Structures are given as structure tokens and as C-alpha cells.
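Architecture and fold: a report
Listed here are the chains, written in short residue letters.
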Amino acid sequence: LENKFTENKGESQDEYKSGKVAVNDQEPGNQNQLNLAIVGHVDSGKSTLSGRLLHLLGRISKKEMHKNEKEAKEKGKGSFTYAWALDESNEERERGITMTVGIAYFNSKKYHVVLLDSPGHKDFVPNMISGATQADAAVLVVDASMGSFEAGMNGNGFGQTKEHAQLIRSFGVEQLIVAINKMDLVDYKKERFDSIKVQLGSFLRSCGFKESCITWIPISAMGNQNLVTAPSDAYLSSWYQGSCLLNAIDLLQPPLRDVSKPLRLPICDVTKLHTLGFIAVSGKVEAGVVKNGSQVLLMPSGEIATIRSIERNSSPCNAASAGDNVGISLHGVDQIHLIPGGVLCHPDYPVSVSRRLELKILVLDIKMPIIIGSQVELHIHHAKEAARVVKIISELDQKTGKVSKGAPRVLKSKQSAIVEVNLERPVCVEEFSRCKALGRAFLRSAGNTIAVGIVTRVFPLYI
Ligand code: GDP
């Protein structure tokens, strides 16, 4: 068992190293999923845009869309996901299957697009970040109206247009669609579009976005211009012949799914089906494949169990692969070995288990600074563990991500840093660069998220 903890065999296996393959090999009707974060300054029109897209693509009725817009206004732009909880999602939630941040989705020609919720309010930055860490690509919504674009770039000292762009880039999102919204308020002028493109473009390049990975689209979410069809506004279509938003989404590169890597299925929920006497777990397959009748290793306990049945999207299936939300029933194992936060793995390739991690974090708005010795609660996939900050290694420059200062004594709001934490008990974890889902972490204290980050180093358990 000790070996299973310390040795991460997957790391040394060439067959898995090459690993990443695009999911074009999924079963028919199971379109490639694209997790799309909608980010941007508060009031730029994210909720309106998401609502319009869902409505135009037949996911919600006009009544629901208006209800949401009204609610968003009343609540001061509350999270749209709750207002738009679709029936399927409720069902999924009742069954305890892992939900991504967003629960609103639509199908484009090529993708099953899941919209990740990311309201622009300051308080919602943690949501925005959990969306960003799951995103395959992002739509950055900017408000073209005079003064508003400028506020997004500079307002309150640090406009959220910039903040969100930096965050999504720092979490590895490379493909970006910039939706320049509210073009109706600037009479669809090309000059305004071009000037925003120049100003924002140089900033985005400085954050590390490649010009070739950015698509610029003038839209009016409210006026339904350039969303799912070419613009009907004669003036806009006289100078803009590029893709509408939906087509631009289809032109994004398919996300890489770790289908050929060893199985990683973090357990979200465990249910014992008393009448039938077996145990079921639910969660999302983050890497690899899982097959009926095969054996799986339960970490961190190290027990072996056999897959009795698999359910995906409410129907039984023989196998599921990376990206699928599944319910799985197991036999040959006692329930005490199954805990939320545990991970089902390929028997030969256990996930690493560690109680000491190096993290790259971004500190959120906090009242008490983080110091060496700070007690926090570490959240990593479905695991939650008491932790202590034992080292602040360096402070990072917000924009470039490079080390800007050696070990500072304290960390305050908005600072980025590399830290080391010790955990009370071991957790299943991987470096973010190896497996995003098992390598993003949140630090919480007294009920608030105080920092978010990614795992940059996993220390072996027994040293
Ligand atoms: P969010 O905070 O980014 O989610 O922004 P909302 O979607 O709530 O929109 C903020 C305000 O801008 C609302 O009053 C919307 O009705 C308005 N709005 C959104 N899109 C457009 C647009 O294309 N044109 C105009 N004129 N107003 C818009």
C-alpha cells in the first residue's frame, strides 16, 4: 500500500505520457463537450448574452429568459445558473452527480457547449475562478458604450475586463472570443470596434494570449445582432463579414481530454443502495476510461473493487471516458473505503497521495493577511482538509506571473504567490499541469474563500 502512495507509476509510463487525445472518438450523439466561460466586467451583458443564446438555441423559453433578465436586474446581477436551472440539471443534482459550475448548455454544430457561470461582481470572483479553471475557452464580454469599456479597463482601480482576462489566461485558457457587446449603443460604428480592439488587444497580448487565438466579434446581445446568424443590421453587415458568435464557437479547437491517461474519477458522492446491497458512487471521469466488469483501485484506501454497472446521462452504458458524468455501482468493497474526495483509479496507476503541496495562489479580498502559520481549509476536487501555510516562497507579478519578490512575510488581497501547505491528513492530488481537475485548489477560512490556486508540486507522502 505504501508503494501505491509514493509511486505515481503513471508518471513513468510512456504510453500515458503522450496521453492527450482529442475526443473525436465518442459514441454517436455524445458530442464533444466544450466548457465555455463567459467572463467580463459587471454589466457588460454576460447574463443577457447567455440568456439570448440559450433562448435562440431552444434551451429556454422566452418567458424564462425574461424572468431571468428581470431577476438578474432585481438581484443586482445574481448568478444566472440558479435562475436557469434546467430540468435535466435538477435531476442530475438530485442524483448527486458532480456538476460543473455551469448548468446551462446548448448544442452548436460541433459542440455540446456548457456555459460556465461567472458573474462580474467582485463578490463572485471565486465563482469566476472555479469557472475559469474548468474552461476550455472563454468569451470575454466587453461593453462598447462610451465610458463603459473604459471603466472595465480601469474602473475601481482595476477593471474586471483586465482582471478576468488575466485570470483565465493564468489558468491555462488559450482560446478567447472577445464579444464587443452593446454595439447598438455606438450605432454599430466600426471605428469604436477597431479602437477597442487595439486597446484591449495589446493588453491581451501582454497577458500571453496569442493574436491567432483571439476572435473579435461585434454584437448586440439585446438587439440579437451577430449571435447565431449574420447581423441583420445593414450598417454592421456592411463592414463586418466575419463569423457570428455561434460559428466562432464552432471554430474553436476541440478541447483535449485525457482519454488515454490512467483512470481518475474523483468521488463526489457515495450512496449505499440498501435493498440491493451494493454501493454506488457518482462523479466525473477526469481522465481515462472506466468499463463494466473491470477492477478499480480506490484511493486513498488502496482497496480494489469491481465495477458492477455504469450510468451516464441517466442511461446504463458499458463504458465511460474522460469528460463524462457518471454514476457507478461497485461490489467487493466495504463502504468505509469509499469517501467523497477519494479517487477511483486504474489498479496499476494510483493517483498520488500527499500531505504537503506547493501551490501557486491568487489571494482574494481578505481582511486578515495570510502569514506563515495561517490555518486554512484546503479544497481540492471533492476533498476538504485542514491545512497550514508553512512557507511563502515568493511573490509573483500579477501580469507576467514571474517572480517579482523573494519570500514576503505576509500576503494581502490580490497578491499572487507560491506557497507551501501541510495538510492534516493526506489527499489524492496531482499537479495541475498533469490533471487540471485534481490540481486546482481553494483555500478557505471562516467560511470564506481566501485564495484560489493550482498545485505546482506534490511532495511524496513518506519523506
Ligand atoms: P452582466 O452583469 O454582465 O451579466 O450584465 P447584464 O446581462 O445583466 O446586462 C447589464 C445591462 O446591460 C442590462 O440592463 C441589460 O439589459 C443591458 N444590455 C445587455 N446587453 C445589451 C446590448 O446589447 N445593448 C444594450 N443597449 N443593452 C444591453
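Look up: the structure comes first, before these words.
Notes on the structure follow. (Residues numbered from 1 in each chain as written. Predicted model: local features only at pLDDT ≥ 70, side-chain atom pairs only at ≥ 80, totals over all residues. Heavy atoms only, no water.)

**Quick look at the overall build of the chain**
- Helix and strand content of the chain: 13 helices and 26 strands.
- Taking all 463 residues of the chain together, 54% fall into the buried category.
- Within the chain, contacts between residues at least 6 apart in sequence are counted, and of these 72% link residues at least 24 apart.
- Taken as a whole, the chain presents about 20,100 Å² of accessible surface, with 50% of it coming from carbon and sulfur. (Helix = DSSP H or I, 4+ residues; strand = E, 2+ residues; numbered from the N terminus. Buried < 20%, exposed > 50% of the residue type's maximum accessible area, 1.4 Å probe, protein only. Contact = heavy atoms within 4.5 Å. Areas by Shrake-Rupley, 256 points an atom, 1.4 Å probe, with all protein chains shown as cover.)

**So, the nonpolar core**
- With 59 residues, the main nonpolar core has Leu36, Leu49, Val178, Ile180, Leu200, Leu204 and Ile249 as its most contacted residues.
- Ignoring anything within four residues of it in the chain, the contact list for Val178 reads Leu140, Val142, Leu200, Leu204, Ile214, Thr215, Trp216 and Ile217.
- Residues Leu357, Ile361, Ile380 and Ile450 belong to the second largest nonpolar core, which totals 26 residues. (Core = buried A, V, L, I, M, F, W, Y, C linked by side-chain atoms within 4.5 Å.)

**Details of the side chain of Ser352**
- Residue placement: Ser352 occurs in the loop between strand S17 (343-345) and strand S18 (353-363).
- Of note is the side chain of Ser352, whose polar atom sits 2.9 Å from the backbone oxygen of Val429. (Polar contact = N/O pair within 3.5 Å; in protein donor to acceptor, adjacent residues only side chain to side chain.)

**Observations concerning the packing of aromatic side chains**
- Evaluated as defined, the whole model comprises 2 aromatic pairs.
- Aromatic pair Trp239 and Tyr240: ring centres 6.2 Å apart, planes at 80°, arrangement edge-to-face.
- Classification of Tyr240 by relative accessible area gives buried; the value is 10%.
- For the cation-ring pair, Arg356 lies above Phe459, with the distance from its terminal atom to the ring centre recorded as 4.2 Å. (Phe/Tyr/Trp six-rings, centres within 6.5 Å; stacked < 30°, edge-to-face > 60°. Lys NZ or Arg CZ within 6 Å of the ring centre and 35° of its normal.)

**Some points on the pairing of strand S16 (residues 325-331)**
- The buried count for S16 comes to 6 of 7 residues, which makes it a mostly enclosed element.
- For strand S10 (residues 278-284) and S16, the ladder comprises 6 bridges, and the chain directions are antiparallel. Among the inter-strand pairings, Val281 is bridged to a residue of S16, identified as Ile328.
- The pairing of strand S13 (residues 303-312) with S16 spans 6 bridges and is antiparallel. By the bridge assignment, Thr306 is partnered in S16 with His331. (Pairing = 2+ DSSP bridges.)

**Thoughts on helix H4 (residues 46-56)**
- Counting buried residues along H4, 8 of its 11 residues qualify, which places the element largely inside the surrounding structure.
- Note on H4: the residue one or two positions beyond its end, Gly58, has a positive phi of about 75°.

**Some thoughts on the environment of Asp348**
- Examined against the element boundaries, Asp348 turns out to sit in the loop between S17 and S18.
- A C-alpha to C-alpha distance of 8.1 Å links Asp348 and Leu297, two positions 51 residues apart in sequence.

**Quick word on the packing of helix H10 (residues 160-170) against helix H11 (residues 190-207)**
- Following both chains from N to C, one finds H10 and H11 inclined at 30°, their axes separated by 10 Å at the closest point. Here H10 runs over H11; the crossing is right-handed. Along the contact surface, H10 presents Thr161, Lys162, Ala165, Gln166 and Arg169, while H11 presents Leu200, Phe203, Leu204 and Cys207.
- In terms of residue class, the contact of H10 with H11 is built from 5 nonpolar, 2 polar and 2 charged. (Axes fitted to C-alpha atoms, helices over the stretch in contact; angles between N-to-C directions. Left-handed = near helix turned anticlockwise from the far one by under 90°. Nonpolar A, V, L, I, M, F, W, Y, C, P; charged D, E, K, R; others polar.)

**As for the pattern of salt bridges**
- Summed over the entire model, instances satisfying the criterion amount to 12 salt bridges.
- The residue Glu211 makes a salt bridge to Arg205 at a minimum N-O spacing of 2.4 Å.
- Overall, the relative accessible area of 39% leaves Glu211 in the partly exposed class.
- Owing to a relative accessible area of 41%, Arg205 belongs among the partly exposed residues under this scheme.
- Of the charged contacts in the structure, one is a salt bridge between Arg264 and Glu430, with a shortest N-O distance of 2.6 Å. Separated by 166 residues along the polypeptide, Arg264 in strand S9 (residues 264-273) and Glu430 in the loop between strand S24 (416-428) and strand S25 (440-445) bring together distant segments of the chain. (Salt bridge = Lys/Arg side-chain N within 4 Å of Asp/Glu carboxyl O.)

Just geometry here; none of it tells us what the structure is for.
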